[in-house]
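Structure at a glance
So you can see what is in the structure, the chains are spelled out below.
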Amino acid sequence: MTSRTTACGLDCYDACKIIVEEDRFSKIKGDAVHPAGNGALCTLLNKSIHQETRIESARIDGQDVSMDEAMKAVANAFKQERALLWRGSGNMGVMQEVTNLFMKKVSGTLTHGSLCDGAGDAGIEKGRGVNRTLPIEQIKKADTVVVWGRNITVTNAHMMPFIEGKNIIVIDPVKTAIAKKAEVHLQIDPRTDYYLAMSLARLICLEGSQDTKWIKKFTRGYEAFYDLMQKYPLEDTLEHIGIGEAELRLVLNYLRDKKVVFLVGTGVQKYVTGASTLHAIDSLAAVLGLFGKEGSGVHYLGNSKLGFQNPFWVKSETVSKATTPFSDFDTVLVQGGNPAESMPDSTRVREELNKVENLIYFGLYENETSKRAKIVIPAKTFFEKDDVRLSYGHQYIEKMNRVVQSEIGISEYDFTKKLFDAFGFKGLESEASYIKRWLGQCIEENGHYISPAYEEIPYSEGFGEDGDDVFEWITVYDHDFIHDEKLWLLSPKTNKALNTQFKRDNKVQLHPSLGYAEGEMVSITSEYGTVDLEVVPNEDLHLNCVVVTSNTLGLNILTPSIVSDEGENACYQEVKITVHPHPGYQKGSDRSL
Ligand SMILES: Nc1nc2c(c(=O)[nH]1)N[C@H]1C(S)=C(S)[C@@H](COP(=O)(O)OP(=O)(O)OC[C@H]3O[C@@H](n4cnc5c(=O)[nH]c(N)nc54)[C@H](O)[C@@H]3O)O[C@H]1N2
Ligand SMILES: Nc1nc2c(c(=O)[nH]1)N[C@H]1C(S)=C(S)[C@@H](COP(=O)(O)OP(=O)(O)OC[C@H]3O[C@@H](n4cnc5c(=O)[nH]c(N)nc54)[C@H](O)[C@@H]3O)O[C@H]1N2
Ligand code: SF4
Ligand SMILES: [Mo]
């Protein structure tokens, strides 16, 4: 019996190590002794990924062709003047970026900014200079864990053993599974996290529980931060946030003189204000002196490439990923992504994609993007190629090995090599040498590869790239509360899908008080469009929001083409909606009874 290892390539905090026995998918399992895993994989890996129908043949204009023919057409398309590579996060292996090297040779355009964590990341960098991952071992040493806009039982299940037995505080407009187990659940209004962080910081300073010694030594601009806090009188602010002072004071008991970890997710920063929110949460942590100490800190999606010299980094023209003007280009290569559904404002995106002369889709599954493509190139799954898996949730790095042989598809490296050959370009090294260059930069310890940026306790010396700088407080905020009759549209993840991969859905979760029945069809309308969805009543929601999970067909017809104040991030939740009975739905008349 052979037993080989690889790592999960799906876009997820956990980056699980996988053991494959007998080269059969039915025999894959997690590695029970891996520091970040517990032997179990999630249902996406146990089931979904094996059931999904993949694209088996290359296509040109809807006709199946050989891979060679299709790659010739790709090479021809890149002879056009204006070419763009739009890469999604369908596979988190570092080899995805090898295609940058070809784009550089043809003076093509890449993207900057993010659909995901970019606003929060920018807010963290403003305070700390660099976004280092808090090691999971430190989380294990905390007394209190504040789960803040992260749905950990769904998106980060391998975190659960690390927070067992701790005081759990949850801050979320939805009573999530972890909120039901928490000591305190602050069910706040969406998009008020900034104010909550500032109010908590203010209370701590009012009662004199701030870490003055640490603040003096490691921070700059405290007076201006103090002035900003004073702008938010407690009573008014709490009314907007939608919680009472007693609840807030209860939370203080779990923060004061404790080792505290904030587990912050993407939920708090899918707004134009997202960077300020993370900066304010970091500032709250700084008031408590939580940086650079054992069992404390803020854990967000870390910068997984920090500390690496990236052999695929190229200097090139870029356009914003969240608002890409596709129709400015003659040739667009979409790799590992599904922008026609995952980007905000699908109507605009689809119209633009329809105008691209040579739209190339390089991926695994059919979707709204593949449907529009002139050339379709089937990819290899992460089981079928060699790669290196970094993680934004922990410091461990895994070599991904080819554990399945398949005739289908082409790897990103071979795709790039074919294009280098077709154009007669020089300078592409072997695949093995790139993988060695990535792994060669890692720390090797107890049989594990660890990120070169790893520090047992980050920021213990100080902040910035080299630890010789200080923490910068948040001192400016130019936004206000948004209150009206409309409902916030929240779009968290689900355990049945990985963004738009695997199970798709057509449901909207509504609070029962809105009066719609289970299974009823409703029209959800925003400033940007309307989508018809089936109702699932959910009394765990805050009264002023609805939930449509991010695997839902048509969801992004409702979302805006705007980017965050900082970090050029998509703002999926900077949108309010109204709900109407679907005109054609008969049973809906029941609700007036
Ligand atoms: N099974 C599964 N796992 C995944 C993914 C997947 O699609 N499926 N996707 C992966 C990816 S790409 C990412 S980026 C991560 C993201 O993983 P998370 O960081 O967990 O992000 P979300 O699933 O969007 O959940 C965010 C939580 O924030 C809450 N929330 C929404 N708005 C607000 C707000 O204004 N304030 C506060 N305090 N909370 C709010 C939501 O109710 C939800 O509980 O998950 C990864 N893991
Ligand atoms: N409304 C709303 N929209 C959102 C979000 C939200 O919270 N709300 N979340 C956003 C977030 S956090 C993210 S990260 C983005 C994700 O958005 P995208 O990056 O577009 O990811 P997916 O939609 O999952 O599409 C991934 C595609 O990659 C392809 N693929 C998988 N593996 C490979 C491979 O090895 N090679 C190649 N070439 N292709 C492969 C598959 O065919 C799949 O269709 O979505 C964003 N969209
Ligand atoms: S999707 Fe996440 S939890 Fe599931 S196996 Fe992959 S890395 Fe682990
Ligand atoms: Mo993401």
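Residues numbered from 1 in each chain as written. Chains lettered and ligands numbered in written order. Predicted model: local features only at pLDDT ≥ 70, side-chain atom pairs only at ≥ 80, totals over all residues. Heavy atoms only, no water.

**Side note on the domain arrangement of the protein chain**
Quite often, the size of an interface is put as the accessible area lost when its parts meet. We note that the domain assignment places domain 1 (3–114 + 306–450), domain 2 (118–300) and domain 3 (487–581) within the protein chain. For domain 1 and domain 2, the distance between their C-alpha centres works out to 34 Å. Contact residues are listed per partner, giving 16 residues for domain 1 and 20 residues for domain 2. Three residues stand out in domain 1 for area buried against domain 2, namely Tyr13, Asp14 and Leu306, and they jointly supply 42% of the buried area on that side. (Domains from an automatic or database assignment. Contact = heavy atoms within 4.5 Å. Buried area = accessible area lost by both parts, 1.4 Å probe.)

**As for the packing of helix α9 (residues 193–206) against helix α11 (residues 222–230)**
Helices that pack against each other are described as a pair by the angle of their axes relative to one another and the distance between those axes. Running from amino to carboxyl end, α9 crosses α11 at an angle of 110°, the nearest separation of the two axes being 9 Å. By the angle between their axes, α9 is roughly perpendicular relative to α11. Across the interface between the two elements, Tyr194, Met198, Ala201, Arg202 and Cys205 from α9 touch Tyr222, Phe225, Tyr226, Leu228, Met229 and Gln230 from α11. Residues of the contact of α9 with α11, tallied by class, amount to 9 nonpolar, 1 polar and 1 charged. (Axes fitted to C-alpha atoms, helices over the stretch in contact; angles between N-to-C directions. Helix = DSSP H or I, 4+ residues; strand = E, 2+ residues; numbered from the N terminus. Parallel < 35°, antiparallel > 145°, perpendicular 65-115°, else oblique. Nonpolar A, V, L, I, M, F, W, Y, C, P; charged D, E, K, R; others polar.)

**Quick look at empty space enclosed by the protein**
Per the counting criterion, the structure on display carries 6 cavities of 30 Å³ or more. Here the largest cavity is characterised by a volume of approximately 120 Å³. Along the walls of the largest cavity sit 14 residues, with Thr133, Asn303, Ser451, Ala453 and Tyr454 positioned nearest its centre. When grouped by side-chain class, the residues that make up the lining of the largest cavity number 4 nonpolar, 8 polar and 2 charged. Lining the lining of the largest cavity are residues from two domains, each supplying at least three of them: domain 1 (3–114 + 306–450) and domain 2 (118–300). (1 Å grid on protein atoms, 1.4 Å probe; cavity = no way out; pocket = protein on both sides within 12 Å on 5 of 7 lines; lining within 4 Å. Points joined across faces, edges and corners; volume = space filled by probe spheres on them.)

**Side note on the sheet that holds strand β19 (residues 396–400)**
An order of β18-β19-β21-β20 is seen for the 4 strands of this open sheet, with the pairing classed as antiparallel. Strand pairing shows two members of the sheet lacking a second neighbour, β18 (387–389) and β20 (443–445), which therefore form its edges. Each strand of the sheet is rotated relative to its neighbour by a mean of 40°, with strand direction disregarded. Pairing analysis gives 3 bridges linking β18 to β19, with the strands arranged antiparallel. Opposite Asp387, over in β19, you have Met400 as the bridge partner. (Pairing = 2+ DSSP bridges.)

**Topic: the site of ligand 1**
In the vicinity of ligand 1, 35 residues are found, and the nearest of them are Tyr13, Asp172, Asp193, Tyr271 and Ala497. Within the side chain of Tyr13, an N or O atom sits 2.7 Å from an oxygen atom of ligand 1. Contact between ligand 1 and Thr266: an oxygen atom at 2.9 Å from a main-chain N or O atom of the residue. Elements represented by at least two residues in the shell around ligand 1 include exactly α6 (152–155) and β24 (497–498). Taken together, the residues that form the shell around ligand 1 break down as 17 nonpolar, 11 polar and 7 charged. (Near = heavy atom within 4 Å. Polar contact = N/O pair within 3.5 Å; in protein donor to acceptor, adjacent residues only side chain to side chain.)

**Remarks on the sheet that holds strand β12 (residues 260–264)**
The parallel open sheet is built from 5 strands, whose spatial order is β10-β9-β8-β12-β13. Every interior strand has two partners, whereas the edge strands, β10 (184–186) and β13 (297–299), have only one. Each strand of the sheet is rotated relative to its neighbour by a mean of 15°, with strand direction disregarded. As paired elements, strand β9 (residues 167–171) and β10 share 3 bridges and run parallel to each other. Bridge pairing links Ile169 to Val184 in β10.

**Description of the pairing of strand β27 (residues 521–526)**
Where β27 and strand β28 (residues 529–537) come together, 6 bridges link them in antiparallel fashion. Residue pairing across strands places Ser526 opposite Gly529, the latter belonging to β28. The hairpin turn running from β27 into β28, its antiparallel successor, is 2 residues long. Bridge count for β27 against strand β30 (residues 576–581) is 4 bridges, and the pairing is antiparallel. If you follow Ile524 over to β30, its bridge partner there is Val579.

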